[in-house]
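# A closer look at the structure
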Amino acid sequence: MKKNILPAIRLSLALIVFLAILYPLTVWGIAQFSPDSGKGGVIEHNGKKYYSNIGQSFTEDKYFWSRPSAVNYNAAGSGGSNKGPSNEEYLARVHARIDTFLAYNPDIEKLAIPVDLITASGSGLDPDFSVQAAKVQVKRIAKVRNIGESKLLELIDRQTEKPLFGLFGPEKINVLKLNIALDNLK
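Residues numbered from 1 in each chain as written. Predicted model: local features only at pLDDT ≥ 70, side-chain atom pairs only at ≥ 80, totals over all residues. Heavy atoms only, no water.

### A few points about the overall build of the protein
Definition in use: Note on conventions: DSSP H or I runs of at least 4 residues are helices, E runs of at least 2 residues are strands, and numbering of each starts at the N terminus. What the globule rule says is 2.2 Å times the number of residues to the power 0.38, and the radius of gyration is computed from C-alpha atoms. Relative accessible area decides the class of each residue, using a 1.4 Å probe on protein chains only: under 20% of the type maximum gives buried, over 50% gives exposed, and in between gives partly exposed. We call two residues in contact when some of their heavy atoms are within 4.5 Å. Residue burial considers only the protein chains on display, and all accessible areas are found by Shrake-Rupley using a 1.4 Å probe. Neither His nor the chain ends contribute to the count of charged residues, in which Lys and Arg are positive and Asp and Glu negative. Lysine's charge is taken at NZ, arginine's at CZ, aspartate's at CG and glutamate's at CD.
Helix and strand counts for the protein stand at six helices and five strands. Since a compact globule built from 186 residues should have a radius of gyration of about 16 Å, the 22 Å found for the protein marks it as more spread out than a globular shape. Considering the protein as a whole, with its 186 residues, one finds that 30% of them fall into the buried category. Restricting to contacts in the protein with at least 6 residues of sequence separation, those with at least 24 account for 58%. Surface exposure of the protein reaches about 12200 Å², of which carbon and sulfur atoms provide 58%. Positive and negative charge centroids in the protein, built from 23 and 18 side chains respectively, lie 10 Å apart.

As structure tokens, then:
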């Protein structure tokens, strides 16, 4: 028994030092080189703190609407609805989202609505949407804010994030950053 206990204690101590001290310090050190020093993309706007990497709810006509959330934008627990396209409850929810979007954006054809404006992401907290999801909302926002559509399209172009290394992933726009830039637009 002594033969097995001492190696087990040494192994446990080595793993404690590695997994509880060295590994977390290494991850923390690497995070210090990230754009926000590992603090999660905190943005302050009008005296409030927001996280740019967590989806926010925007439903006012004067803003670009965010992607729907399966978890009601609650960052405490992410998750999708786990309902497939043949589920009647899911289909009813998607059709309700389409109807709501069309009611507030009457100039848009039903087929022009991007899928990311009517379906939630897998995590339910996606902070980004497609460039098309922004462009399809331009007429409504231009009318409400009394801003030229061309000015909004320029704003969308400035806020568009290109694919990683020009190869990986689609072009996307962070909805929070876009709406903050919209508020700052003169």
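Having put the structure on the table, let's press on.
### A closer look at the packing of helix H4 (residues 138-145) against helix H5 (residues 149-159)
A packed helix pair is summarised by two numbers, namely the angle formed by the two axes and the spacing between the axes. Short version of the rule: Axis definition: a line fitted to C-alpha atoms, over the contacting stretch in the case of helices. Angles run 0 to 180 degrees between N-to-C directions. To sort the angles, those under 35 degrees are grouped as roughly parallel, those over 145 as roughly antiparallel, those from 65 to 115 as roughly perpendicular, and the leftovers as oblique. Here a crossing is called left-handed whenever its near helix is offset anticlockwise from the far helix by less than a right angle, and right-handed whenever the offset is clockwise. Throughout this entry, Asp, Glu, Lys and Arg are counted as charged residues, while Ala, Val, Leu, Ile, Met, Phe, Trp, Tyr, Cys and Pro are counted as nonpolar. The remaining residues, Gly among them, count as polar.
Taken N-terminus to C-terminus, the directions of H4 and H5 make an angle of 125°; their axes are 9 Å apart at the nearest point. If you check the angle between H4 and H5, you find them oblique. The handedness of the crossing between H4 and H5 is right-handed. Every residue of H5 that contacts H4 at Val138, Lys139, Ile141 and Ala142 is listed here: Glu149, Leu152, Leu153 and Ile156. Looking at the contact of H4 with H5, its residues break down into six nonpolar, no polar and two charged.

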